[in-house]
Amino acid sequence: MPSEELDVSHSPKQDAGFHVAIIMDGNGRWARRRGRPRYEGHRAGAHAVRRVVETAPSLGVGTLTLYAFSADNWRRPVHEVQQLMWLFQRHLRSERTRCVREGVRVNVIGRRDRLPPALLQEIDSIESRTRLGRTLHLRLAIDYSSRDALLAAAAHLDRRSVRTREGFRLLIDRVTHAPRGTRDVDLLVRTGGEKRLSDFLLWESAYAEIVFTQRLWPDFSAEDLASAITDFRGRERRFGGLPAADVSEPRTPSRLAEGGR
Ligand code: IPE
Ligand code: IPE
Ligand code: MG
C-alpha cells in the first residue's frame, strides 16, 4: 500500500500576532479561601477567561491557548468533572455570539471521544460559526494531554512520510483537532503559584518564555496579562544562538561548514 502523504509542501498560514498559552490554575483555592465550593471558583474562572479574551488582541496577542481541562483531570470526583463539563458547555454557548461579533475564532484542542454529546454539539457550533474570525484565534484545551498527543502523532509516522519538525507538528495538530498553522508558543503563563507544566503543549513550548504568577486564576486581570506581556517583551530570545550584541556576523550552518574545511 503506498504510504499516505502528509502535505507539508505549503507552509500553512501563520496567525498574526504572538502566541500566549495559559495554564489557568487556582480556581479551587480561590473558592476555598472564601469558604465556597470549588464549583464557584470554576465559575469565577470563566469570567477571567472573558477578561483575557477581550484584552488579548490589544496587547498584540494573535493566538491564545487556554488550558481548561487536562486528560488527568478525569481523576477528580465525578461531581466536579460533571460541573466542569456543564460549565464549558454553557460558556461556549453564551460566548458564541460575542465571539462572532468580535472576530474571535474558537477551536477546541484535545480528545473528542470522551466528551459529553451536548458539549460536542456546542464545540461544533462555535467552531463553525466563528471560523472566519481574524481578531484572535482562541484555542481551548479540553481533555488535553501533550504526551498523549505526541504518542498519537508518533503512531502515524510509519504511514506518513514525515521527516521534519514542521511535518511532525502538523501531525500533532491533526491528532488534537487543532487547525494547521498555529505558531509555537511565545509566552507561557501559569497562574496559581505552581511551577510546573502539567502536560501542556510540551512540543509547542520548546522555546516559550515562561511566567509563573501567584495570582489565582479567577483573580487574573487584564493588568496581569499586560504585565506578563511586558515582562515577555523585555526578554531576549536566543533560540540557542548568541545575544544580539555578541554577534558580529551571521553564523549559518553553511558558513560553519566552510570554516571547518
Ligand atoms: C484549575 O483550577 C482548573 C482545572 C484544573 C479544571 P484547579 O481546580 O486546579 O484549582 P486548584 O489548583 O485546586 O486551586
Ligand atoms: C493543570 O492544573 C490543568 C489545568 C489548569 C486545566 P492541575 O491543577 O490539574 O495541575 P496539577 O495537578 O496541579 O499539576
Ligand atoms: Mg490546580
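First things first, this report covers the structure right here in the doc. (Residues numbered from 1 in each chain as written. Chains lettered and ligands numbered in written order. Predicted model: local features only at pLDDT ≥ 70, side-chain atom pairs only at ≥ 80, totals over all residues. Heavy atoms only, no water.)

Quick look at the site of ligand 1
As a reminder, the rule being used: Think of it this way: one heavy atom of a residue within 4 Å of a molecule or strand is enough to make that residue near it. Here a polar contact is taken to be a pair of N or O atoms separated by no more than 3.5 Å, where protein atoms must pair a possible hydrogen donor with a possible acceptor and residues adjacent in sequence count only if both atoms sit in side chains. Methods summary: accessible areas were calculated by the Shrake-Rupley approach with a probe of 1.4 Å, and residue burial reflects only the protein chains presented. Put simply, DSSP H or I for four residues or longer makes a helix, DSSP E for two residues or longer makes a strand, and each gets a number counted from the N terminus.
In the vicinity of ligand 1, the contacting residues are Met 24, Asp 25, Gly 26, Asn 27, Gly 28, Arg 29, Arg 38, His 42, Ala 68, Asn 73, Arg 76 and Leu 84. At a separation of 2.9 Å, an oxygen atom of ligand 1 approaches a polar side-chain atom of Asp 25. Between ligand 1 and the protein, one listed contact pairs an oxygen atom with a side-chain N or O atom of Arg 76 at 2.7 Å. Its free accessible area being 380 Å², ligand 1 has 87% of it covered by the protein chains. Ranked by residues supplied to the shell around ligand 1, first place goes to helix 1 (residues 27–33) with three residues.

Here we look at the packing of helix 2 (residues 38–55) against helix 3 (residues 78–102)
What counts is decided by this rule: Fitted lines through C-alpha atoms serve as axes, helices being fitted only where they are in contact, and the angles separating the N-to-C directions of these axes extend from 0 to 180 degrees. To sort the angles, those under 35 degrees are grouped as roughly parallel, those over 145 as roughly antiparallel, those from 65 to 115 as roughly perpendicular, and the leftovers as oblique. Crossing handedness is read from the near helix: turned anticlockwise from the far helix by less than a right angle, it gives a left-handed crossing, and turned clockwise, a right-handed one. Throughout, a contact is declared for two residues whenever any of their heavy atoms are within 4.5 Å.
Where helix 2 meets helix 3, the axes come as close as 11 Å, and the angle between the chain directions of the two elements is 30 degrees. The orientation of helix 2 with respect to helix 3, classified from their angle, is roughly parallel. Note that helix 2 runs across helix 3; the crossing there is right-handed. Facing Arg 38, Tyr 39, His 42, Arg 43, Ala 46, Val 49, Arg 50 and Glu 54 of helix 2, the residues of helix 3 in contact are Glu 80, Gln 83, Leu 84, Trp 86, Leu 87, Arg 90, His 91, Glu 95 and Arg 98.

Concerning the environment of His 91
Its place among the elements puts His 91 in helix 3. Measuring from C-alpha to C-alpha, the distance between His 91 and Arg 50 comes to 9.6 Å, with 41 residues separating the pair along the chain. When sequence neighbours within four positions are dropped, the list of residues in contact with His 91 reads Ala 46 and Val 49.

A short note on the side chain of Arg 190
Heads up, the rule is: Only protein chains enter the accessibility calculation, which uses a 1.4 Å probe. A residue is then buried if its area is under 20% of the maximum for its type, exposed if over 50%, and partly exposed in between.
Tracing the sequence through the fold places Arg 190 in strand 5 (residues 187–190). Its relative accessible area of 5% is what places Arg 190 among the buried residues. Only 2.7 Å separates the side chain of Arg 190 from the backbone oxygen of Arg 196, close enough to count as a polar contact. Beyond its immediate chain neighbours, meaning those up to four positions away, Arg 190 contacts Ile 23, Asp 25, Arg 196, Leu 197, Ser 198, Val 211, Phe 212 and Thr 213.

Details of a nonpolar patch on the surface
The following threshold applies: Grouping into patches uses exposed residues only, defined as over 30% relative accessible area, and leaves out salt-bridged ones; the cut-off is 9 Å for like charges and 5 Å for nonpolar side chains (Val, Leu, Ile, Met, Phe, Trp, Tyr). Whenever a carboxyl oxygen of Asp or Glu lies within 4 Å of a side-chain nitrogen of Lys or Arg, that contact is scored as a salt bridge.
A grouping of Leu 197, Leu 202, Ile 210 and Phe 212 is seen on the molecular surface, where their side chains present a nonpolar patch of about 270 Å² in accessible area. When you line up the elements, Ile 210 lands in strand 6 (residues 209–212).

Here's the deal with the pairing of strand 5
Quick reminder of the rule: Paired strands, in this sense, are two strands between which DSSP finds at least two bridges.
Both faces of strand 5 are covered, namely the face carrying Leu 187 and Val 189 and the face carrying Leu 188 and Arg 190. In this structure, strand 1 (residues 18–23) lies alongside strand 5, joined through four bridges in parallel fashion. Across the sheet, Ile 22 pairs through a bridge with Val 189, a residue of strand 5.

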